[in-house]
Amino acid sequence: RGTVRYDNNTAVDNVSVDFALSGTIVDNATTNSSGDYSQDNLTLGTYTLTFTKSNFNDASTSVNLETDNQSVTSNVTLLASTCSDGTIAGTISDAVSGNAVSGFSLSIRSGLNSTSGSITGTTTTATNGTYTLSSMSAGGYTIEASKSGYITAYFNVNVCGNKTGQNASISPTMSSGSMRIVLAWPTGSTARDLDSHLQIPDNASGNKHIFFSLKKLYYATNSSTCSGCTTEQASDNVTLDLDKTSAPGTESITITNVRDGTYSYSVHDFTNLASTTSTKLKLSGATVSVY
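Every chain's residues receive numbers from 1 upward, in the order its sequence appears when written. Local features are withheld for residues below a pLDDT of 70 in this predicted model, meaning they are given only at 70 or higher, and side-chain atom pairs are given and counted only at 80 or more; totals for whole chains, interfaces and linings count all residues. Note that the side-chain values use all heavy atoms of the structure and ignore hydrogens as well as water.

## Description of the overall build of the chain
Phase 1 of the analysis: Here a strand is any run of E in DSSP of at least two residues, a helix any run of H or I of at least four, and the numbering for each starts at the N terminus. In terms of regular secondary structure, the chain is built from 1 helix and 22 strands.
Phase 2 of the analysis: In terms of overall size, the chain behaves like a compact globule, its C-alpha atoms giving a radius of gyration of 20 Å where 291 residues would be expected to give roughly 19 Å.
Phase 3 of the analysis: The cut-offs for exposure are 20% and 50% of the maximum accessible area for each residue type, with area from a 1.4 Å probe on protein chains only; residues under the lower value are buried, those over the upper are exposed, and the others partly exposed. For the chain, with 291 residues in total, the buried portion stands at 38%.
Phase 4 of the analysis: Taking all contacts inside the chain whose residues are at least 6 apart in sequence as the whole, residues at least 24 apart take part in 57%. Our radius of gyration looks at C-alpha atoms and nothing else; its globule reference is 2.2 Å times the residue count to the power 0.38. Residue contacts are defined here by distance: any two heavy atoms, one from each residue, within 4.5 Å place the two residues in contact.

## Side note on the sheet that holds strand β13 (residues 153–159)
Phase 1 of the analysis: A pair of strands is considered paired only if DSSP assigns at least 2 bridges between the two. Spatially, 4 strands are ordered β10-β9-β12-β13 in an open sheet, and the strand pairing comes out antiparallel. Every other strand in the sheet has two partners, leaving β10 (121–124) and β13 as the edge strands with one partner each. Sheet twist, expressed as the mean angle between neighbouring strand axes with direction ignored, is 25 degrees.
Phase 2 of the analysis: Pairing analysis gives 6 bridges linking strand β9 (residues 105–110) to strand β12 (residues 139–146), with the strands arranged antiparallel. Bridge assignment links R109 to a residue of β12, and that residue is T142. With axes taken as lines fitted to C-alpha atoms, and helix axes fitted only over the stretch in contact, angles between N-to-C directions fall between 0 and 180 degrees.

## Notes on the environment of I255
Phase 1 of the analysis: Inspection of the secondary structure puts I255 in strand β20 (residues 249–255).
Phase 2 of the analysis: For the pair I255 and P186, spaced 69 residues apart in sequence, the C-alpha to C-alpha distance is 25 Å.

## Observations regarding the pattern of salt bridges
Phase 1 of the analysis: For this document, the term salt bridge refers to a Lys or Arg side-chain nitrogen within 4 Å of an Asp or Glu carboxyl oxygen. By the definition in use, this model includes 3 salt bridges.
Phase 2 of the analysis: One salt bridge connects R109 with E144, and the closest N-O pair in it is separated by 2.7 Å. Pair noted here: R109 is in strand β9 and E144 is in strand β12, with a separation of 35 residues, a long-range link.
Phase 3 of the analysis: Judged by its relative accessible area of 8%, R109 is buried.
Phase 4 of the analysis: Judged by relative accessible area, E144 falls into the buried class, the value being 17%.

## Some points on the sheet that holds strand β7 (residues 76–78)
Backbone-to-backbone hydrogen bonds join strands into a sheet, with any given pair of strands oriented parallel or antiparallel.
Phase 1 of the analysis: As summarised here, the arrangement of the 3 strands in space is β4-β1-β7, forming an open sheet in which the pairing is mixed. Of all strands in the sheet, those bounded by a partner on one side alone are β4 (36–37) and β7.
Phase 2 of the analysis: Across 2 bridges, the pairing between strand β1 (residues 2–6) and β4 is antiparallel. Residue pairing in the sheet places G2 in a bridge with Y37 of β4.

## Points about the packing of aromatic side chains
Given two aromatic rings, one states the distance between the centres and the angle between the planes to describe the pair.
Phase 1 of the analysis: Each Phe, Tyr or Trp ring, with Trp reduced to its six-membered ring, pairs with another whose centre is within 6.5 Å; inter-plane angles below 30 degrees give stacked pairs, above 60 give edge-to-face pairs, and intermediate values give tilted ones. Summed over the entire model, instances satisfying the criterion amount to 6 aromatic pairs.
Phase 2 of the analysis: Ring pairs connect the aromatic residues F19, Y37 and F51, which therefore count as one cluster.

## As for the environment of S246
Phase 1 of the analysis: The topology assignment puts S246 in the loop between β19 (238–242) and β20.
Phase 2 of the analysis: A relative accessible area of 38% means that S246 is categorised as partly exposed.
Phase 3 of the analysis: Counting along the chain gives 165 residues from S246 to S81, while the straight-line C-alpha distance between them is 32 Å.
Phase 4 of the analysis: Ignoring anything within four residues of it in the chain, the contact list for S246 reads W185 and R192.

## Section: the side chain of T31
Phase 1 of the analysis: Mapping T31 onto the fold places it in the loop between β3 (24–30) and β4.
Phase 2 of the analysis: Of the residues examined, T31 reaches a relative accessible area of 3% and is grouped as buried.
Phase 3 of the analysis: Among the polar contacts listed, one links the side chain of T31 to the backbone nitrogen of N14, at a separation of 3.1 Å.
Phase 4 of the analysis: At 2.9 Å, the side chain of T31 forms a polar contact with the backbone nitrogen of V15.
Phase 5 of the analysis: Residue contacts for T31: discarding those within four places in its chain leaves V4, V12, D13, N14, V15, V17, D36 and Y37. Here a polar contact is recorded for every N or O atom pair within 3.5 Å, except that within protein the pair must consist of a potential hydrogen donor and a potential acceptor, and residues adjacent in sequence are included only if both atoms are side-chain atoms.

## Things to note about the confidence of the model for the chain
Phase 1 of the analysis: Think of pLDDT as the predictor's per-residue confidence, scored from 0 to 100. The predicted model of the chain has a mean per-residue pLDDT of 87, with 90% of residues at 70 or higher.
Phase 2 of the analysis: Across the chain, the secondary-structure element scoring lowest on mean pLDDT is helix α1 (residues 231–234), at 56, and the one scoring highest is strand β2 (residues 16–21), at 96.
Phase 3 of the analysis: Between residues 219–223, whose pLDDT stays under 50, and residues either more than four places distant or in other chains, the model counts 24 contacts.

## Looking at the pairing of β20
Phase 1 of the analysis: Counting buried residues in β20 gives 7 out of 7 residues, a clear majority hidden from the surface.
Phase 2 of the analysis: Neither face of β20 is open: one carries G249, E251, I253 and I255, the other T250, S252 and T254, and all of them are buried.
Phase 3 of the analysis: Relative to β20, strand β15 (residues 179–185) runs antiparallel, the two sharing 7 bridges. Counted as the bridge partner of M179 is I255 from β20.
Phase 4 of the analysis: The pairing of β19 with β20 spans 4 bridges and is antiparallel. By the bridge assignment, T239 is partnered in β20 with T254.

This is the structure:
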């Protein structure tokens, strides 16, 4: 399932969506007035989804169904056929510190969510973490970013003339048994201030809650000194590493030692908390990555 939008984030209706498995189209769907599409009862495997509409460039994305009853969301931006070639530029930053990072190797592939196959170009981030890719044909691409000490990441970009602010926040590597959740929303997003919220299991009380007003949490107590904690509990802190209040934004939560129990994560549109009808979160382009 997913949503198809124009480059200005408004919904695109009547887009034809083909589902191809091993090169053969096995199903088709059409987006509704909200730009949404879905298709169920698909067999497992890697699908190529192709999105077509008159007067717009075709878009494609790769989706992998790995397990029974899995649901995958794949959102797509549709570009007008009048879109010109151009240059894209952005900054690669550390998802924990927020600092820009130099020396990232970037490889570019055609199509969205394309993690394998032919590479159409390469570059490296500069001292200030920036990158530039020139003379790119109009359309959607996937950028693979890799560097020692970081988890290899993939992010989508669209070329329609020159576009700046194509940023990505990438997680440093982690020790065994830990987890990191990274929320990001892009330049030009409809959302201004998004917040990460995490309910965690706790041996003593059942669960606790970490968010912007409580940035560091231990399993036995909310105290930053962890008074009365066992040695094991004191080493199991959960931290909100990064808290941003404007676009482009990144928020990162790190769990140093994942325990048995239920972890519940959510994203809150803090700016529009008083509205029960706001669609700014839905249209924000925000993504959540779990490492």
